[in-house]
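Each chain is listed here by its residues.
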Amino acid sequence: MTRIDAVCVGETMAVLTSPEALTEGSRLTVGAGGAESNVAVALARLGHRAAWVSRVGNDPFGRIVTASVARCGVDVRGVEVDPELPTGLYVKDTAPGGAGVLYYRRGSAASVMSVGDAEKVWSRGPRLVHLSGITPALSGRAAALVRELLDRRSGNGALRCFDVNHRPALWSTREAGPVLLDLARRADVVFVGRDEAERLWGTPDADDVRAVLPEVPTLVVKDAGNGATSFDGAGTVFAPAPPVDVVEEVGAGDAFAAGYLSGLLDGLAPERRLSLGHAAAGEVLCSRGDTLDRVPDTVPGIRAPDADLGT
């Protein structure tokens, strides 16, 4: 089995998108969306071997989700089909006057991911494992899987990456704050938004975030359109975000993480990693999709990963 550069673990849902407010009774288009698979897709677009590990229901939505991610060049052999529980669902009603994002994921197939799923990750011999703070909000079993993957070192010393990604719709700030801080402290690479860090931990700027996560080898604090700051052994680096005409923000943080991780996997300096993150995020910000559909013009020489991916 081909070794994987990155394994991304977490729930991906079927996405129903309306071009106008749902109350108008418009037609819905069906797609797929999930933070961790968004990162896997973007890494594949950027030329890396990426895999996605999760669970989906034995239903049309599960088949749509899995096929959608696989078509983007992501290895989906670690996706298990649950015979009873449904695939998670969310609805994007982002037209003027719309309801925003509506989640229907309680009791989904992915909510019963557990420590038993860890072997699907380590069996691929990944260079990097990517997780987010969404998964521990799904259930106690899913939270245990995240802790297991952050705590256990595989034989090849895979980097453990954690995107804080607090979702207030899933759990409160009071409940999530200490849990996400504990998980972040276990990781090798951490991504967090300056605003969410302030909400969760009372840290108003990047230096304050570093003060509560001093043991994390690589910390990246994103500050929306202002830029991003990285802290690692090489020091502190800030890279401003280039201006873009924002169409929709969903998925931009995942694209940023993938761009940065692509540079990390390729051994680039922190400045270049941040620039790649901004470039990938900019592509998503300028579209209505959640995933990186094309390689940014500022990323030269992308190589094609091996095609031995399976579905």
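Look above for the structure.
Residues numbered from 1 in each chain as written. Predicted model: local features only at pLDDT ≥ 70, side-chain atom pairs only at ≥ 80, totals over all residues. Heavy atoms only, no water.

**Student:** In this structure, what is going on with the pairing of strand S8 (residues 128–132)? I would like to understand it.
**Tutor:** Two faces, one strand: in a regular strand the side chains alternate between the faces of the sheet. With five of its five residues buried, S8 lies for the most part within the structure. Alternating positions in S8 separate into two faces, Leu 128, His 130 and Ser 132 on one and Val 129 and Leu 131 on the other, with burial throughout. Pairing analysis gives three bridges linking strand S1 (residues 6–9) to S8, with the strands arranged parallel. Residue pairing across strands places Cys 8 opposite His 130, the latter belonging to S8. Across five bridges, the pairing between S8 and strand S9 (residues 159–163) is parallel. Opposite Val 129, over in S9, you have Arg 160 as the bridge partner. (Buried < 20%, exposed > 50% of the residue type's maximum accessible area, 1.4 Å probe, protein only. Helix = DSSP H or I, 4+ residues; strand = E, 2+ residues; numbered from the N terminus. Pairing = 2+ DSSP bridges.)

**Student:** What is the right way to read the pairing of strand S12 (residues 227–232) from this model?
**Tutor:** With six of six residues buried, S12 lies mostly within the body of the structure. Side chains Gly 227, Thr 229 and Phe 231 project from S12 onto one buried face, and the interleaved Ala 228, Ser 230 and Asp 232 project onto a second face that is buried too. Here strand S11 (residues 218–223) folds back onto S12 in antiparallel fashion, the turn holding three residues, of which Ala 224 has a positive phi close to 45 degrees. Examined bridge by bridge, S12 and strand S13 (residues 235–240) share six bridges and lie antiparallel to one another. Each bridged residue has a counterpart across the sheet, and for Phe 231 the counterpart in S13 is Thr 236. In sequence, S12 turns back onto S13 through a hairpin of two residues.

**Student:** Would you mind showing me how to read the packing of aromatic side chains here?
**Tutor:** Each aromatic ring pair is described using two quantities: the centre-to-centre distance and the angle formed by the ring planes. All told, the structure shown has three aromatic pairs when counted by the stated rule. Geometrically, the ring pair formed by Tyr 90 and Tyr 103 is tilted, given 5.7 Å between the ring centres and 50 degrees between the ring planes. Here Tyr 90 is found in strand S6 (residues 89–93), whereas its partner Tyr 103 is found in strand S7 (residues 100–104), with 13 residues between them in sequence. Three or more aromatic residues link up through ring pairs in this structure, and these residues are Phe 191, Phe 256 and Tyr 260. (Phe/Tyr/Trp six-rings, centres within 6.5 Å; stacked < 30°, edge-to-face > 60°.)

**Student:** Honestly, unusual backbone geometry in this entry has me stumped. Any pointers?
**Tutor:** Phi is mostly negative for residues that are not glycine, and the peptide bonds are mostly trans. A positive phi angle, close to 45 degrees, is found at Asn 165, a residue other than glycine. Topologically, Asn 165 is positioned in the loop between S9 and helix H5 (173–184). Despite not being glycine, Ala 224 shows a phi value in the positive range, around 45 degrees.

**Student:** Can you walk me through the nonpolar core in this structure?
**Tutor:** Within soluble globular proteins, side chains that are nonpolar generally end up buried alongside one another. Within the largest apolar cluster, 40 residues are counted, with the highest numbers of intra-cluster contacts made by Leu 43, Trp 52, Phe 191, Leu 261 and Leu 274. Element by element, the count of residues in this core is highest for helix H8 (residues 252–265), at eight residues. What Leu 261 contacts, discounting residues up to four positions off in sequence, is Val 39, Leu 43, Leu 128, His 130, Cys 161, Val 189 and Phe 191. Grouped together as the second largest cluster of nonpolar side chains are 39 residues, Leu 145, Phe 162, Leu 183 and Val 192 included. (Core = buried A, V, L, I, M, F, W, Y, C linked by side-chain atoms within 4.5 Å. Contact = heavy atoms within 4.5 Å.)

**Student:** Can you help me understand the sheet that holds strand S10 (residues 189–193) in this one?
**Tutor:** Note: strands within a sheet are paired through backbone hydrogen bonds, in either parallel or antiparallel orientation. If you trace the nine strands from one edge of the open sheet to the other, you get S5-S4-S1-S8-S9-S10-S11-S12-S13, paired in mixed fashion. At either end of the open sheet lies a strand with only one pairing partner, and these are strand S5 (75–82) and S13. When the angles between neighbouring strand axes are averaged without regard to direction, this sheet yields 15 degrees. One ladder, built from six bridges, connects strand S4 (residues 50–57) with S5; its direction is parallel. What sits directly across from Ala 51, in S5, is Asp 75. Against the sheet, helix H6 (residues 194–201) contacts S10 and S11, and its axis sits at roughly 90 degrees relative to S10. (Axes fitted to C-alpha atoms, helices over the stretch in contact; angles between N-to-C directions.)

**Student:** Where do I start with the environment of Ala 224 in this structure?
**Tutor:** Tracing the backbone shows Ala 224 in the loop between S11 and S12. By relative accessible area, which is 73% here, Ala 224 ends up exposed. For Ala 224 and Ala 241, which are 17 residues apart along the polypeptide, the C-alpha to C-alpha distance reads 7.9 Å.

**Student:** Looking at this model, I keep getting lost on helix H2 (residues 60–71). Mind explaining?
**Tutor:** In an α-helix, one turn spans 3.6 residues; hence positions three or four apart end up facing the same way. For H2, built from twelve residues, the straight-helix expectation of 16 Å at 1.5 Å per residue is met to within 8% by its first-to-last C-alpha distance of 16 Å. The complete set of buried residues in H2 reads Gly 62, Val 65, Thr 66, Ser 68, Val 69 and Ala 70. Buried residues belonging to H2 abut strand S2 (13–17), strand S3 (29–33), helix H1 (35–45), S4 and S5. Just downstream of H2, Gly 73 is the residue with a positive phi angle, here 90 degrees. (Expected span 1.5 Å × (residues − 1).)

**Student:** Just checking my understanding: could you explain the packing of H5 against H6 for this structure?
**Tutor:** How two helices pack is summed up by the angle between their axes together with the distance between the axes. Packing of H5 against H6 brings their axes to within 8 Å, and their N-to-C directions diverge by 105 degrees. By the angle class used here, H5 and H6 are roughly perpendicular. Contact residues: Thr 173, Ala 176, Gly 177, Leu 180 and Leu 181 in H5; Arg 199, Leu 200 and Trp 201 in H6. Partitioned by chemical class, the residues of the contact of H5 with H6 number five nonpolar, two polar and one charged. (Parallel < 35°, antiparallel > 145°, perpendicular 65-115°, else oblique. Nonpolar A, V, L, I, M, F, W, Y, C, P; charged D, E, K, R; others polar.)

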